[in-house]
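One-letter residues, chain by chain:
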Amino acid sequence: MAKKIKIVIVGYGNVGRGVRTVIEATQDMELCGIVSRGVPRVKKEVGEDIPVMNVADIELWIRELQPDVAILCGGSSTDLPVQGPELAAHLSTVDSFDNHGEIANYFTKMNETAKKAHTIAVVSTGWDPGIFSLERVLASSFLPDAKAYGFYGLDESGGLSMGHSDAIRRIPGVKDARQYTHAKPTTVDKVRSGENPTLSPGDMHWRECFIVLEDGADASAVEQTVKNMPNYFAPFQTVVNFISQEELDRDFSGLPHGGCVIAAGTAADGSSSKIEYHCSWGSNPVATASVLVAHARAVMRLKNEGKSGAFTILDIPPAYLSAFSQEELLKKFM
Ligand SMILES: NC(=O)c1ccc[n+]([C@@H]2O[C@H](COP(=O)([O-])OP(=O)(O)OC[C@H]3O[C@@H](n4cnc5c(N)ncnc54)[C@H](OP(=O)(O)O)[C@@H]3O)[C@@H](O)[C@H]2O)c1
């Protein structure tokens, strides 16, 4: 059997846990360790079987763990902009940087660093950005006259947005929170009909929040802070529900999410045409992790070709993500 790809997880939160779960179920990879800023916290959670080291001791953990690829699971707002370039200067990386407006700048920085260090940096992969980015590009290539739209939270219960939940938890007076995004069905229908409407974010989705307050916190102040939060909530119709910790733990413990990319319009001969791609995930972090882990495989294939620099899902042949050989792919999927 071929040598397994050795993965180090950088940062241990929801996505980090997901990456561990996915690697443990994957035949061609092994987890060689976790590096974190909170070594005692992570050791307490994972026990003695997995080496846990301080992320700051880069040279030490690279020497001891000998990873082929680092999967970066830190947050996009403040962790990845620092950790990404720092680590790409030492080893090949995969990350899910999802600050959409900043992706081009982040890519440039990672590309310069990785080219200099002769490493590979796969940036901004996951499901969005990631597979939905790929689907938008495919749709706009095959149906150039149609706009490609992304909708999230198509089920009645919506989809859990981890970034928005985190933003609410940072408000003073909030003990815990979950935020569910809901697509607006009438807008989805309009897009499906091929109208190609011009839409604002608030036309496409609404947001539902379930918040547990600290003792004595001012509910109406928290509600106003949520509803007026720029970018996150201000452009949307937002419903705030206050509930107890018991209710949150009992009724909202899962991390489901999903959505679709739709492009509908006319093809070159005027015939009406539609492309749709759907995802429905029982766990947002495990979904994201599944995509990250597949990209670690692509990193090894790119490395073996002598490549270096930054890549997105758009730059990587799908065959490089697959655990199947070319021969198997031709037989099974073509
Ligand atoms: N592209 C996509 O489709 C996609 C989808 C989902 C998420 N994401 C991205 O993934 C990023 C990570 O998401 P996440 O849900 O894993 O974030 P998270 O749970 O908040 O973890 C982020 C980091 O915070 C630290 N941390 C986690 N739990 C902690 C705790 N209890 N105490 C102290 N520190 C803790 C960890 O770093 P240390 O171990 O170093 O302390 C961890 O790497 C998000 O920011 C988002 O940008 C992308």
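Predicted model only: the values in this text are computed from it and were never measured.

Visitor: I keep staring at the overall build of the chain and nothing clicks. Help me out?
Guide: Summing up its helical and strand segments, the chain has 13 helices and 14 strands in all. Taking 334 residues into account, the globule formula puts the C-alpha radius of gyration at 20 Å, and the chain, at 21 Å, falls close to it. For the chain, the residues scored as buried account for 49% of the 334 residues in total. At a minimum sequence separation of 6, the contacts of the chain that also span at least 24 residues come to 69%. In the form shown here, the chain has an accessible surface area of approximately 16400 Å², with 51% of it arising from carbon and sulfur atoms. Averaging the positions of the 32 positive and the 41 negative side-chain charges in the chain gives two centres separated by 4 Å.

Visitor: Whenever I open this one, the domain arrangement of the chain confuses me. Can you help?
Guide: In many analyses, interface size is given as the accessible surface area lost on bringing the parts together. Under the domain assignment used here, the chain contains domain 1 (5-128 + 285-333) and domain 2 (163-186 + 203-255). Between domain 1 and domain 2, the C-alpha centre-to-centre distance is 31 Å.

Visitor: Help me understand unusual backbone geometry, please; the structure alone is not making it clear to me.
Guide: Leave glycine aside and you will find that most residues have negative phi; peptide bonds, for their part, are mostly trans. Here the bond from Asp128 into Pro129 is cis, since omega is 5°, no more than 30 degrees from zero. Along the chain, Pro129 turns up in the loop between strand 6 (120-122) and helix 6 (131-142).

Visitor: Would you take a moment to explain the nonpolar core for this structure?
Guide: Across soluble globular proteins, nonpolar side chains have a tendency to be buried as a group. Counting residues in each nonpolar core, the largest one holds 41 residues, and the members touching the most others are Ile7, Val19, Ile34, Val69 and Ile71. Only strand 1 (5-10), helix 1 (14-24), strand 2 (29-36), helix 2 (39-46), strand 4 (69-72), strand 6, strand 10 (205-213) and helix 12 (284-304) provide two or more residues apiece to this core. In terms of residue count, the dominant contributor to this core is helix 12 (eight residues). Shared between two domains, this core holds at least three residues of each, these being domain 1 (5-128 + 285-333) and domain 2 (163-186 + 203-255). With 23 residues, the next largest nonpolar core counts Val8, Val35, Trp61 and Met110 among its residues.

Visitor: Teacher, can you tell me more about the sheet that holds strand 13 (residues 272-281) here?
Guide: Backbone-to-backbone hydrogen bonds pair the strands of a sheet. The strands run either parallel or antiparallel. An order of 7-12-13 is seen for the three strands of this open sheet, with the pairing classed as antiparallel. Two strands in the sheet have a free side with no partner beyond their single neighbour: strand 7 (148-152) and strand 13. Taking the axes of each pair of neighbouring strands and ignoring which way they run, one obtains an average angle of 15° across the sheet. Where strand 12 (residues 257-266) lies against strand 13, 10 bridges are found, and the strand directions are antiparallel. The partner of Ile262 across the bridge, within strand 13, is Glu276. Sitting on the sheet, helix 6 is in contact with strand 7, strand 12 and strand 13, with an inclination near 175° to strand 13.

Visitor: Got a minute to help me understand the side chain of Thr181 in this structure?
Guide: One can find Thr181 in strand 9 (residues 174-183). The class for Thr181 is buried, based on a relative accessible area of 4%. Here the side chain of Thr181 touches Arg207 through a polar contact of 2.8 Å, side chain to side chain. Sequence-distant contacts of Thr181, defined by excluding residues within four places in its chain, comprise Tyr152, Gly153, Gly158, Gly159, Ser161, His205, Trp206 and Arg207.

Visitor: Would you mind going over the site of the ligand with me for this structure?
Guide: In the vicinity of the ligand, 24 residues are found, and the nearest of them are Val15, Ser36, Ser76, Asp98 and Met162. Between the ligand and the protein, one listed contact pairs an oxygen atom with a backbone N or O atom of Trp127 at 2.9 Å. Contact with the protein chains covers 74% of the free accessible surface of the ligand, which is 910 Å². Within the shell around the ligand, the residues separate by chemical class into six nonpolar, 13 polar and five charged.

Visitor: I keep staring at the sheet that holds strand 10 and nothing clicks. Help me out?
Guide: Strand order in the open sheet made by the four strands is 8-9-10-11, with mixed pairing throughout. Taken across any chain shown, the strands that pair with only one partner, and hence form the sheet edges, are strand 8 (159-160) and strand 11 (237-242). Judged from the nine bridges that link them, strand 9 and strand 10 form a sheet pairing that is antiparallel. Residue Gln179 lies in a different strand from strand 10, and its bridge partner there is Cys209. Contacts between helix 7 (residues 162-169) and the sheet are confined to strand 8, strand 9 and strand 10, with strand 9 contributing the most and set at about 145° to the helix. Helix 10 (residues 219-227) contacts strand 9, strand 10 and strand 11 of the sheet and is inclined by roughly 150° relative to strand 11.

Analysis parameters
Sequence order sets the numbering: in each chain, residues are counted from 1 along the sequence as written. Two thresholds apply to this predicted model, a pLDDT of at least 70 for residue-level local features and 80 or more for giving and counting side-chain atom pairs, whereas whole-chain, interface and lining totals are computed over all residues. Just so you know, side-chain values use all the structure's heavy atoms and leave hydrogens and water out. We count a stretch as a helix when DSSP gives it H or I for four or more residues in a row; a strand needs E for two or more, and each element gets its number in order from the N terminus. C-alpha atoms define the radius of gyration in this analysis, and the globule rule sets the expected value at 2.2 Å times the number of residues to the power 0.38. When accessible area is computed with a 1.4 Å probe and restricted to protein chains, residues below 20% of their type maximum are described as buried, those above 50% as exposed, and intermediate ones as partly exposed. Here, two residues are considered to be in contact whenever any of their heavy atoms come within 4.5 Å of each other. For every accessible area listed, the method is Shrake-Rupley and the probe measures 1.4 Å; residues are considered covered only by the protein chains on display. Residues scored as charged are limited to Lys and Arg (positive) and Asp and Glu (negative), so that His and the chain ends carry no count. Just so you know, the charge point we use is NZ for Lys, CZ for Arg, CG for Asp and CD for Glu. What marks off one domain from the next here is an automatic or database domain assignment. As used in this record, nonpolar core signifies buried Ala, Val, Leu, Ile, Met, Phe, Trp, Tyr and Cys residues forming a set joined through side-chain atoms within 4.5 Å. Being paired, for any two strands, means DSSP has found at least two bridges between them. To get an axis, a line is fitted to the C-alpha atoms, and for a helix only the part in contact is used. The angle between two axes follows their N-to-C directions and goes from 0 to 180 degrees. Two N or O atoms count as a polar contact when they lie within 3.5 Å, although within protein this holds only if one can serve as hydrogen donor and the other as acceptor, and sequence-adjacent residues are included solely when both atoms are side-chain atoms. It suffices for a single heavy atom of a residue to lie within 4 Å of a molecule or strand for the residue to be listed as near it. Residues are sorted three ways: Asp, Glu, Lys and Arg are charged, Ala, Val, Leu, Ile, Met, Phe, Trp, Tyr, Cys and Pro are nonpolar, and all the rest, Gly among them, are polar.

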